[in-house]
Amino acid sequence: MNSNLHAFRSGSVRAVLMGLLLPLLSGAAMAADAPAETSKLKSLEFSAVDSNRDGSIDSKEAAAVPELAKIFKSADKDRDGKLSASEFISAIQSN
Ligand SMILES: [Ca+2]
Ligand SMILES: [Ca+2]
């Protein structure tokens, strides 16, 4: 009973990991097929770029995504050195 439960749990963890990895892999494949890098921007998710989850994207976080780093300054409308969710969204939608 316990070992079955354990197997079930570790299986679930693997399923969850695959669920996280597969979209990343297919997303990378799609990005490779995309003609312009701007389509990569549109597929970015705020929460994925905000790696420390403080609700804003600073220049270090943006540096992980070259396409975003490129537009970071123009996207930072209030010039506080970071992108809020709304700044991020309007930036990727206008690019
Ligand atoms: Ca952040
Ligand atoms: Ca800002």
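Everything below is about the structure shown above.
Residues numbered from 1 in each chain as written. Chains lettered and ligands numbered in written order. Predicted model: local features only at pLDDT ≥ 70, side-chain atom pairs only at ≥ 80, totals over all residues.

**Structural notes on the environment of P66**
Okay, step 1: Within the fold, P66 resides in helix α5 (residues 66-75).
Okay, step 2: Residue classification places P66 among the exposed positions, given that 10 C-beta atoms sit within 10 Å.
Okay, step 3: It is 9.7 Å that separates the C-alpha atoms of P66 and L41, two residues lying 25 residues apart in sequence. (Helix = DSSP H or I, 4+ residues; strand = E, 2+ residues; numbered from the N terminus. Buried ≥ 20, exposed ≤ 12 C-beta atoms within 10 Å, placed from the backbone.)

**Regarding unusual backbone geometry**
Okay, step 1: One non-glycine residue with positive phi stands out, namely R53, at about 55°.
Okay, step 2: Of note, R53 is situated in the loop between α3 (46-49) and β1 (56-58).
Okay, step 3: In the Ramachandran plot, R79 falls in the positive-phi region, its phi being about 55° despite a non-glycine side chain.
Okay, step 4: Turning to its location among the elements, R79 is positioned in the loop between α5 and β2 (82-84).

**A closer look at the nonpolar core**
Proteins that are soluble and globular tend to have nonpolar side chains buried together.
Okay, step 1: Within the largest apolar cluster, 10 residues are counted, these being L41, I57, A62, L68, F72, A75, L83, F88, A91 and I92.
Okay, step 2: Listing elements by their share of this core, those giving two or more residues are α5 and α6 (85-93).
Okay, step 3: Dropping the residues within four chain positions of it, F88 is found in contact with F46, I57, A75 and L83. (Core = buried A, V, L, I, M, F, W, Y, C linked by C-beta atoms within 7 Å. Contact = placed C-beta atoms within 7 Å.)

**Considering α6**
Okay, step 1: Within α6 the residues assigned to the buried category are F88, A91 and I92. Along the long axis of α6, the arc covered by the buried residues comes to 90°, so they all point the same way. Turned more than 90 degrees from where α6 packs its buried face, S86 and Q93 sit exposed. (Arc of directions from axis to C-beta.)

**What about α5?**
Okay, step 1: Listed as buried for α5 are L68, F72 and A75. Taken around the axis of α5, the buried residues stretch over an arc of 90°, which confines them to a single face. Along α5, the residues that are exposed and aim more than 90 degrees away from the buried face are P66, K73 and S74.

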